[in-house]
Amino acid sequence: MKKRKVIIDCDPGIDDSLAIMLALRSPELEVMGITIVCGNSPVEMGFENAKKVLWQMGRLDVPVYIGADRPVKREYVNALDTHGADGLGESFLPQVPGYRQTVSAVEFLACTLKREKVSVIALGPMTNLAELIQKDKEAFLQIDELISMGGSYKSHGNCSPVAEYNYWCDPDAAALVYETMYAGGKHIHMVGLDVTREIVLTPTILEYICRLDEEMGAFIQKITKFYFDFHWNWEHIIGCVINDPLAVAYFLDRNICEGFDAFVQVETQGISIGQTVVDAMNFYRRKANARVLTKTDAKSFFVLFLSRILGIEAEKLDLLEDIV
Ligand code: RIB
Ligand code: CA
């Protein structure tokens, strides 16, 4: 099977970590590198957390590059209230020493994208991608497919009534990415809250993971406990919305989400800062620059997610029929 080459740009982050795990356990993918951006966690913390996940997965062969430590314009606002003081659910896993690369995230993105056909799965604020556009737009437009966990079409925001965190944290970066995709005649795949809110890791699903693989279950339990508490305290749901792994699952299997093509802009100021304005009715008579995903099937996601991270054939995960 010819592997598809990907770079994961992320802000680990609990759900980013689960997404990295899924990508690493998917044989269709060759993870060329992980680039870190400030978001959930400050960038240095995100770097440390990415290494902890790679260590856990036995994949310290994958390089991790440090990117932007602040948004393009806005003051940086982290999401440690959601992801814990260590950015990994206050699991306080042991640090993985060294492993610092000699080039920055943007330098790695630029030279890799100009050398070979690579897709980017963006799971955090798109500050690194905006910097890439500013420094080497030609390299940015070489991205084979750009999948972004971010934005929202009809679902309410998660850090304002209308804005999703990744695009709210750095709206100028998101706006520049969407504008550049429009100018380049390309489509970004917007895996927004409309679909990711359907992906809830429940205590029962977690218990099932633990029963099937004690070590993997214990690791996921350790990094998600804080996230479960956050979701109960703030959204009164039992379980936690794991946004980022859906972006990876969608890259692996497009049938996992449905949506439509539209012209999308990102608001960069005022009370709706960070909102994705999806022109579903084509009022602006602009060609589409985005594939906006609006429906997903949580059961199909969890079958893919568990089968990959546990290495179990999908057909054997029969209990998911009843618990998702
Ligand atoms: O709004 C959810 C997104 O913001 C996820 O990617 C989460 O990890 C945070 O980055
Ligand atoms: Ca993220």
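See the structure printed just above.
Small disclaimer: the values here were computed from a predicted structure and weren't measured.

With respect to the site of ligand 1
Piece 1. Asp11, Asp15, Asp16, Asn40, Leu123, Met149, Asn158, Glu164, Tyr165, Asn166, Asn243 and Asp244 make up every residue found near ligand 1.
Piece 2. The contact in question runs from an oxygen atom of ligand 1 to an N or O atom on the side chain of Asp15, over 2.6 Å.
Piece 3. One of the side-chain nitrogen or oxygen atoms of Glu164 is found 2.6 Å away from an oxygen atom of ligand 1.
Piece 4. Considered on its own, ligand 1 offers 270 Å² of accessible surface; in the complex 96% of this is hidden by protein.
Piece 5. Using a 2 Å cut-off from the grid points, one finds that ligand 1 occupies the largest pocket.
Piece 6. Those elements that place two or more of their residues in the shell around ligand 1 are helix 1 (14-24), helix 6 (165-169) and helix 11 (243-252).
Piece 7. Along the lines of polarity and charge, the residues of the shell around ligand 1 split into three nonpolar, four polar and five charged.

Things to note about the environment of Asp69
Piece 1. Within the secondary structure layout, Asp69 lies in the loop between strand 3 (64-66) and helix 3 (80-83).
Piece 2. Taking the C-alpha atoms as reference points, Asp69 and Met149, separated by 80 residues in sequence, lie 19 Å from one another.
Piece 3. The residues touching Asp69, leaving out its near neighbours within four places in the chain, are Cys38, Val43 and Tyr76.
Piece 4. Among the polar contacts made by the side chain of Asp69, one reaches the side chain of Arg70 at a distance of 3.4 Å.

Observations regarding the environment of Phe302
Piece 1. Relative to the helices and strands, Phe302 is located in helix 12 (residues 298-310).
Piece 2. When neighbours within four sequence positions are excluded, Phe302 is seen to be in contact with Ile199, Val200, Leu201, Ile205, Ile242, Ser307, Leu320 and Val324.

Section: the packing of aromatic side chains
Piece 1. Here the structure, examined in full by the defined rule, presents nine aromatic pairs.
Piece 2. Where Phe263 meets Tyr284, the ring centres are 6.4 Å apart and the plane angle is 90°; that geometry is what we call edge-to-face. One end of the pair, Phe263, is in strand 9 (residues 257-266); the other, Tyr284, is in the loop between strand 10 (276-279) and strand 11 (290-296), with 21 residues separating them in the sequence.
Piece 3. Look at Phe263 and you get buried, because its relative accessible area is 5%.

Things to note about the side chain of Asp172
Piece 1. Tracing the backbone shows Asp172 in helix 7 (residues 171-183).
Piece 2. Setting aside anything within four residues of it in sequence, one finds Asp172 in contact with Val72, Lys73, Arg74 and Thr268.

How each quantity is defined
- Residues numbered from 1 in each chain as written.
- Chains lettered and ligands numbered in written order.
- Predicted model: local features only at pLDDT ≥ 70, side-chain atom pairs only at ≥ 80, totals over all residues.
- Heavy atoms only, no water.
- Near = heavy atom within 4 Å.
- Polar contact = N/O pair within 3.5 Å; in protein donor to acceptor, adjacent residues only side chain to side chain.
- Areas by Shrake-Rupley, 256 points an atom, 1.4 Å probe, with all protein chains shown as cover.
- 1 Å grid on protein atoms, 1.4 Å probe; cavity = no way out; pocket = protein on both sides within 12 Å on 5 of 7 lines; lining within 4 Å.
- Sits in = over half its atoms within 2 Å of the grid points.
- Helix = DSSP H or I, 4+ residues; strand = E, 2+ residues; numbered from the N terminus.
- Nonpolar A, V, L, I, M, F, W, Y, C, P; charged D, E, K, R; others polar.
- Contact = heavy atoms within 4.5 Å.
- Phe/Tyr/Trp six-rings, centres within 6.5 Å; stacked < 30°, edge-to-face > 60°.
- Buried < 20%, exposed > 50% of the residue type's maximum accessible area, 1.4 Å probe, protein only.

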